[in-house]
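# An overview of the molecular structure
Here is what each chain is made of, one letter per residue.
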Amino acid sequence: MRILVVEDDPALASGLRDGLVDAGFAVDVALQLQDAAAYRRVNLYDLIVLDLGLPDGDGRDFLTRVRERSCATPVLILTARGTLTDRVDGLNAGADDYLQKPFAFAELVARMRALLRRPTAALPPVLRVGSLELDPGRAEVRSRGSMLTLTVKERTLLEYLLCHRGQLVTRTMLLDHCWNDGYDGLSNLVDVHIGRLRRKLEHAETRCTIRTVRGAGFVLSEDDE
């Protein structure tokens, strides 16, 4: 899942980026609102983590503009402003959740994952297909009771494919949702990572398959589907 973090404190922004990448997210960081607006013009995001006190304006004004454009991307406000009025104003401006600084990183990630489940409410907390189980909250992948050793990127790709089980997922979709702006768009990195993931799933006899649709993308399904 691809996240936009809007935070003007460079140290905190860097820490958030590193922690969220380790948790399996693709992350872009904007230190001010104009950068956040520029990122949104060219990228699709699954969730925005938004500070309120930015150098070039108030995050609530940015949020209001986002909602006026009928953008339904979940937004979690992460700010030092913690009065009841601040929380009510933020939620009324269109935020989906509100977390006050200082905060526990584990709680932030849990709240983010809860928001990311909302558009696909039918998805359970643990994703399953065949004998494969992926628990995003614990960052664990198992098959037949045994843990699978996947890289963070492989786990991120698998989670996205599981969320779209049986559907065609294009390379562009994977690049948009599983990588940040640092990737080389002309390389074959999607196919390389998918190939490694496919081999690990086959070796673990998970009874699920990542099928390549030539010229289109990939479909993950149970072997008998």
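Here is a short report on the structure shown in this document. In this text, all values refer to a predicted model and were calculated from it rather than measured experimentally.

## Notes on the overall build of the protein chain
Secondary structure assignment for the protein chain yields 8 helices and 14 strands. In terms of overall size, the protein chain behaves like a compact globule, its C-alpha atoms giving a radius of gyration of 18 Å where 225 residues would be expected to give roughly 17 Å. The principal-axis extents of the C-alpha atoms in the protein chain amount to approximately 55 × 35 × 30 Å. Sorting the 225 residues of the protein chain into buried and exposed places 47% on the buried side.

## Some points on the sheet that holds strand β12 (residues 169–170)
Taken in spatial order, the 3 strands of this open sheet run β12-β14-β13, and their pairing is antiparallel. The sheet is open, and its two borders are formed by β12 and β13 (208–213), each paired with just one other strand. With 6 bridges joining them, β13 and strand β14 (residues 217–222) adopt antiparallel strand pairing. In the sheet register, Thr212 faces β14, and the bridge partner there is Phe218.

## Quick word on the pairing of strand β1 (residues 2–6)
Judged by how many residues are buried, β1 sits mostly within the fold: 5 of 5 residues are covered. Alternating residues of β1 divide into Arg2, Leu4 and Val6 and Ile3 and Val5, and every residue in both groups is buried. Sheet analysis places β1 next to strand β2 (residues 26–30), joined by 5 bridges and oriented parallel. Each residue of the ladder has a partner; that of Ile3, found in β2, is Val27. At this point the chain moves from β1, through helix α1 (residues 10–22), to the parallel β2, and the crossover so formed is right-handed. Where β1 meets strand β3 (residues 47–50), 4 bridges bridge the pair, whose relative direction is parallel. Paired with Leu4 across the strands is Ile48, a residue of β3.

## Focus on the pairing of strand β10 (residues 140–143)
Only one face of β10 is buried: it carries Val141 and Ser143, and the other face, with Glu140 and Arg142, is open. Taking the residues that link successive antiparallel strands as the turn, the strand β9 (residues 132–135)-β10 hairpin has 4 residues, and the phi of Ala139 there is positive, at about 55°. As judged from the 2 bridges shared by β10 and strand β11 (residues 146–147), these two strands associate in the antiparallel manner. Looking across to β11, one finds that Ser143 is bridged to Ser146. Counting the residues in the hairpin turn of β10 and β11 gives 2 residues, including Arg144, whose phi is positive at 55°.

## Brief notes about the pattern of salt bridges
Counting across every chain of the model gives 18 salt bridges. Put simply, Arg128 and Glu133 hold a salt bridge, and the shortest N to O gap is 3.1 Å. A salt bridge links Glu140 to Arg142, with the shortest nitrogen-to-oxygen separation between them at 3.6 Å. Overlapping salt bridges, with partners in common, bring together Asp58, Arg60, Arg81 and Asp89 in one network.

What counts and how
- Residues numbered from 1 in each chain as written.
- Predicted model: local features only at pLDDT ≥ 70, side-chain atom pairs only at ≥ 80, totals over all residues.
- Heavy atoms only, no water.
- Helix = DSSP H or I, 4+ residues; strand = E, 2+ residues; numbered from the N terminus.
- Rg over C-alpha atoms; globule rule 2.2 N^0.38 Å.
- Buried < 20%, exposed > 50% of the residue type's maximum accessible area, 1.4 Å probe, protein only.
- Pairing = 2+ DSSP bridges.
- Right-handed = clockwise from strand over helix to strand, strands pointing away.
- Salt bridge = Lys/Arg side-chain N within 4 Å of Asp/Glu carboxyl O.

Treat this as a map of the structure, not an account of what it does.
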